[in-house]
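Per-entry structural report
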Amino acid sequence: MRHFLSIKDFTKDELLEMIALAQKIKKQTKQKHFVPYLEHQTLGMIFEKSSTRTRVSFETGIYQLGGIGLFLSSNDIQLGRGEPMKDTARVISRMVDMVMIRTFEQSKLDEFAKYSKVPVINGLTDSYHPVQIMTDYLTLLECRVTDPIVAYVGDGNNITHSWLMLSAKLGFELRVATPKDYACDSAIVNEALEIAKSSGAKISFSHDPKEAVEGANVVTTDTWVSMGQEDEKEERIKAFSGYIVDSNLMELAQDGAIFLHCLPAYRDYEVSEEVFEAHADEVFLEAENRLHTQKGIMVWLDNHIDEDIDE
Ligand code: CP
Ligand code: NVA
């Protein structure tokens, strides 16, 4: 059995298999051909943070695969009143076939997975948002970006960390520009750079958005204030001044460069209204692709249910 906790846990071939499955299932879905790959299966969806896309895409996705999704907000289940993660895992995983969790520390997700009898999917933690970045990769392929040079401008957060791991595994170029005090987690950076040695990925860090975007063919950003950081909003907005992705910055990218944003987007903070609307087709394709990518990942995990996790 395999869990989907971080991109770093998979080989390049495995990640590309998931993307290929997503492409196949997306094509079938567009033809209204709903193959019941996960017939009668239940996906438990535990949310300790808010969500629009993750909830709707997983719930719709499992339904289209022939199963059903259970929305479990921590406000409504005993987890929110202090029932331990490991007990929650041992109960829920005896009743459902797969679990998706959105939580705070990665260690809480890891603990759930350790005690779970069924595959567990990371639906966002403070450290990673791997289903999002797999989706972003599918989207850039669909936008005909074959040799990605990705510029990430903004906070060194869960989205950035997932880009780091995907770049390191697949071997494409990633340039990260963050303010000095909001750089990526150094342990994650070191791990990604170690992995990148085998794939040949070129990964660079700076505090200069222009340096990152110059000649890139994918420009991306994320909110400056992630869920759980609301108390730091004022100081963050000051620290990120100069990190907006606006038309002046986008002009430095390659002609025809695409812009991606995991959403929700805060206009005129991390991205200007003008850039956002100019690239709305790409951004909302990216949002839709959450549905297709996660179906690919769920089917892939189900296909590997008999594998030993340590293999
Ligand atoms: N991008 C993303 O995960 O969106 P939600 O927070 O709405 O799920
Ligand atoms: N970095 C953001 C991503 C939201 C999808 C957050 O964690 O809130």
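Look a little higher up for the structure.
This text gives an overview of the structure that appears in the document. Since the model is a prediction, treat every value here as computed from it, not as a measurement.

The next subject is the nonpolar core. One recurring pattern in soluble globular proteins: nonpolar side chains tend to sit buried together. Membership of the largest hydrophobic core comes to 55 residues, with the highest contact counts inside it found for Phe4, Ile121, Met134, Trp163, Leu164, Leu166 and Met298. Of all the elements, helix H6 (residues 158-170) adds the most residues to this core, at seven residues. Apart from the residues within four sequence positions on either side, Phe4 is in contact with Phe10, Met18, Val120, Ile121, Asn122, Pro130, Val131, Met134, Ile297 and Leu301. Ranked by size, the runner-up nonpolar core spans 25 residues in total, among them Met250, Phe259, Ala265 and Val271.

Our focus in this paragraph is the site of ligand 1. Near ligand 1, the surroundings consist of Ser51, Thr52, Arg53, Thr54, Arg102, His129, Gln132, Cys262, Leu263 and Arg290. The side chain of Gln132 places a nitrogen or oxygen atom 3.0 Å from a nitrogen atom of ligand 1. In this structure, a nitrogen atom belonging to ligand 1 sits 2.9 Å away from a main-chain N or O atom of Leu263. Compared with its free state, where it exposes 260 Å², ligand 1 has 95% of that area covered by protein. The class makeup of the residues in the shell around ligand 1 is two nonpolar, five polar and three charged.

Let us now look at the side chain of Thr29. Structurally, Thr29 is set in helix H1 (residues 12-30). Classification of Thr29 as buried rests on a relative accessible area of 10%. When sequence neighbours within four positions are dropped, the list of residues in contact with Thr29 reads Phe34, Gln64, His292 and Lys295.

So, on to the packing of aromatic side chains. Geometry of an aromatic ring pair is reported as the spacing of the ring centres plus the angle between the planes. Under the definition given, this model contains 10 aromatic pairs. Each ring, one from Phe47 and one from Phe71, has its centre 5.4 Å from the other, and the planes form 45°; the classification is tilted. Of this pair, Phe47 sits in strand E1 (residues 42-47) while Phe71 is found in strand E2 (residues 68-73), placing the two residues 24 residues apart along the sequence. Residue classification places Phe47 among the buried positions, given a relative accessible area of 3%. Judged by its relative accessible area of 34%, Phe71 falls in the partly exposed class. One aromatic cluster is present, formed by Tyr182, Trp224, Phe240, Tyr243 and Tyr269 through successive ring pairs. Seen from the ring of Phe104, Lys49 lies directly overhead, with NZ or CZ sitting 4.6 Å from the centre. The ring of Phe276 carries the charged tip of Arg267 above its face, separated from the ring centre by 3.8 Å.

Ordered in space as E7-E6-E5-E8-E9, the five strands form an open sheet in which the pairing is parallel. For this open sheet the edge positions go to strand E7 (203-206) and strand E9 (258-261), each flanked by a neighbour on one side alone. Here the average twist between neighbouring strands, direction ignored, is 20°. Here strand E5 (residues 149-153) pairs with strand E8 (residues 218-221) via three bridges, running parallel. Considered in E8, the bridge of Ala151 is made with Val219.

Calculation criteria
- Residues numbered from 1 in each chain as written.
- Chains lettered and ligands numbered in written order.
- Predicted model: local features only at pLDDT ≥ 70, side-chain atom pairs only at ≥ 80, totals over all residues.
- Heavy atoms only, no water.
- Core = buried A, V, L, I, M, F, W, Y, C linked by side-chain atoms within 4.5 Å.
- Buried < 20%, exposed > 50% of the residue type's maximum accessible area, 1.4 Å probe, protein only.
- Helix = DSSP H or I, 4+ residues; strand = E, 2+ residues; numbered from the N terminus.
- Contact = heavy atoms within 4.5 Å.
- Near = heavy atom within 4 Å.
- Polar contact = N/O pair within 3.5 Å; in protein donor to acceptor, adjacent residues only side chain to side chain.
- Areas by Shrake-Rupley, 256 points an atom, 1.4 Å probe, with all protein chains shown as cover.
- Nonpolar A, V, L, I, M, F, W, Y, C, P; charged D, E, K, R; others polar.
- Phe/Tyr/Trp six-rings, centres within 6.5 Å; stacked < 30°, edge-to-face > 60°.
- Lys NZ or Arg CZ within 6 Å of the ring centre and 35° of its normal.
- Pairing = 2+ DSSP bridges.
- Axes fitted to C-alpha atoms, helices over the stretch in contact; angles between N-to-C directions.

This is a description of form; function is not addressed.
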